[in-house]
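Spelled out, the chains give:
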Amino acid sequence: MATLAAALALVTGAGIALAATTTGSARASASATAVTAGSADSGIAPAMSCASVAGLDLANSVPGVPFEFTSATELSADDNTLGDWAACVVKGVIAPQIHFEVRMPQTGWQADYLQLGCGGLCGNVNAGSAPASAGCVPLTDGAFAVASSDEGHSQGGGLFSTDPALRGDFGYKSDHLLAQVAKTTIQKYYGRAATHAYFDGCSQGGHQALTEAQRYPHDFDGIIAGAPANNFTALNTFSHAWTAQSVYLDGGPATLTTADLAPLHAAVLKGCGATDGVIVDPLSCTWDPASIKCRVEQTSTASDFCLTADQVTTVRRIYAGPTDAHGRLLYPGHQLRGSELNWAGVIVPTTATGTSGDINFVRETLRYQVFDSPQPHLTYRDVKFTAAYYKKIMQPNEGMYDATDPDLRAFKKAGGKLILWHGLGDQHIPAVGTMAYYKAVQKVMGGSARTEDFTRLFLLPGVAHCGGGQGPDTFDALTAVVDWVTQGKAPDSLLTKSLDSSGKVTASRPAYPFPYVAENTTGGPADEPGSYTPVLSRAEANLSLDWLRSFRSGYETVGNWVHGKWVVSKGKA
């Protein structure tokens, strides 16, 4: 840590507080005795056969969390997408209808538990891939028992939200219930409890991750939250509707199509001074699309690309984010310059008369998720960017759906460690929103030093939503958070890589904790990590948004059936 701090001071001319936690928590101190049965190579052996797990009746084993198993089958190492280890796969249901799966190694278990999030509106169980664990040897060797759920519904649309109980399960409850059930299942199977518990998720999974840190700080020792959809309500109404209304100006044909994105992106790279295909610090770039506006009687061509007046308006609006008549943001984020190629299919349709992903996202939210009854007539065109409409949407819903509380003191006190990460080219969830949330956490926690000793944010240039895009997008945050939890070793950087279709590394670069960016200050090869050093991004450090709302505590609500009625009350005193 001292070495990094010294390097940062040399590069930026100022010091930085990136001190690792050295004391650890009570949970972390148990790591030295994590393996008590079997050697480190063989791990902890099961205490019962896989088939016999299905016969266990544990309906009352977790107070207030009735559940049952539906099957217990063996999975061969060859068929396990998580790694080279045979598993006992247990499936079941938590009342009322949260379907889950737990994969427990038959050999190699090191008393660790990993819970995985899902994407979109969930609706399926995905226990077969971890989004930020590429190259994590303990995972591929079977050190972790792994579980995930469908968050309480079995289809990917928003229809489930018309049921208040299912809305609550999706909004905040299902992962807390799964954590209790999975830990109980693991204890029965191995005859002992897991020593450490971790969570890894991206997009909706990142929302789940932050919900756990905020509402249930004792569930997990280490959490990885990628591209979090934590400001769920405003994201799926105001953010997506704004980009849709920006592309389909006045409800007409799309002003931009996917054919426009490559030449637009090239112009942005040039305008922002990017030399290696990605913009390292896009928040600092203020390139104006009007600089390539078509001249009078000029027609845009492949060799002489320009933007029409409507296209300039569209691109400016996308970069600006959803604002009211007074310039106040209705979502704390906006698309960054350099993300243009990733807009295809999400923000921008293939043809002018085609539809976009944003239109569909808003449709599901308005139709099923934010009003008391289905509203099939509402579309993205009906979203109004006013303070009154914002209040109408947010007040009844943010308490159930959102995870924007910056007060993580309870999670820190419990010894928890949190790694946040976000691709700067994210076309679904603007990375600015995660930066803004992190700065709010810093404010509540009492500054950067008191935040960085338990949580850090890493931003990946050019990377699209949860991966893909133009920058190195493959990395292992799981090992980093495990080392932080068990050894008190905070991550000074994450090594990100680009892989070709055969899995060969074609480029790599470090990502440094916010607000530092990796710049090639050495003049070395752009695809070599040693060419980069951490440089302070003043744009990130000084980020300030004029947002209609604020990151705060006390908005959370909980729902329960009381004497046959669904009662919603404050989630925190």
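Our structure's up above, just so we're on the same page.
The structure displayed is predicted, hence computed values, not measured ones.

Asker: Give me the lowdown on the packing of aromatic side chains, citing residues and values where you can.
Answerer: In total, this model carries 24 aromatic pairs according to the counting rule given. Between Tyr437 and Phe551 the ring centres are 5.6 Å apart and the planes differ by 70 degrees, which places this aromatic pair in the edge-to-face class. Of the two residues, Tyr437 sits in helix H13 (residues 431-445) while Phe551 sits in the loop between helix H16 (538-541) and strand S14 (557-562), which places them 114 residues apart along the sequence. Phe551 matches Tyr437 in its accessibility class, with the two residues each being buried. Here Trp561 and Trp566 contribute two aromatic rings whose centre-to-centre distance is 5.2 Å and whose plane-to-plane angle is 70 degrees, an arrangement assigned as edge-to-face.

Asker: Which residues make up the sheet that holds strand S2 (residues 87-94), and what values go with them?
Answerer: Taken in spatial order, the nine strands of this open sheet run S1-S2-S3-S5-S4-S6-S7-S8-S9, and their pairing is mixed. Because the sheet does not close on itself, it has two edges, and the strands there are strand S1 (67-75) and strand S9 (455-460). Adjacent strand axes in the sheet meet at a mean angle of 15 degrees, parallel and antiparallel pairs treated alike. Across four bridges, the pairing between strand S4 (residues 112-116) and strand S5 (residues 144-149) is parallel. Bridged to Leu114 within S5 is Val146.

Asker: Account for the pattern of salt bridges, naming residues and giving values.
Answerer: Going through the model one piece at a time under the given rule, you end up with ten salt bridges. Of the charged contacts in the structure, one is a salt bridge between Arg363 and Glu364, with a shortest N-O distance of 2.8 Å. By relative accessible area, which is 35% here, Arg363 ends up partly exposed. Residue Asp492 pairs with Arg456 through a salt bridge whose shortest N-O separation is 3.7 Å. Highlighted residues: Asp492 in the loop between helix H15 (477-487) and strand S10 (494-499) and Arg456 in strand S9, separated in sequence by 36 residues. Overall, Arg456 belongs to the buried group, its relative accessible area being 0%.

Asker: How would you sum up the pairing of strand S13 (residues 532-536)? Please name residues and give values.
Answerer: Within S13, four of the five residues are buried, which leaves it mostly tucked inside the rest of the structure. For strand S12 (residues 516-520) and S13, the ladder comprises five bridges, and the chain directions are antiparallel. The residue of S13 that forms the bridge with Val517 is Val535.

Asker: Which residues make up the pairing of S5, and what are the values?
Answerer: Buried residues dominate S5, accounting for six of its six residues. What you see with S5 is no split at all: Phe144, Val146 and Ser148 on one side and Ala145, Ala147 and Ser149 on the other are buried throughout. With four bridges joining them, strand S3 (residues 98-105) and S5 adopt antiparallel strand pairing. By the bridge assignment, Glu101 is partnered in S5 with Ser148.

Rules used in this analysis
- Residues numbered from 1 in each chain as written.
- Predicted model: local features only at pLDDT ≥ 70, side-chain atom pairs only at ≥ 80, totals over all residues.
- Heavy atoms only, no water.
- Phe/Tyr/Trp six-rings, centres within 6.5 Å; stacked < 30°, edge-to-face > 60°.
- Helix = DSSP H or I, 4+ residues; strand = E, 2+ residues; numbered from the N terminus.
- Buried < 20%, exposed > 50% of the residue type's maximum accessible area, 1.4 Å probe, protein only.
- Pairing = 2+ DSSP bridges.
- Axes fitted to C-alpha atoms, helices over the stretch in contact; angles between N-to-C directions.
- Salt bridge = Lys/Arg side-chain N within 4 Å of Asp/Glu carboxyl O.

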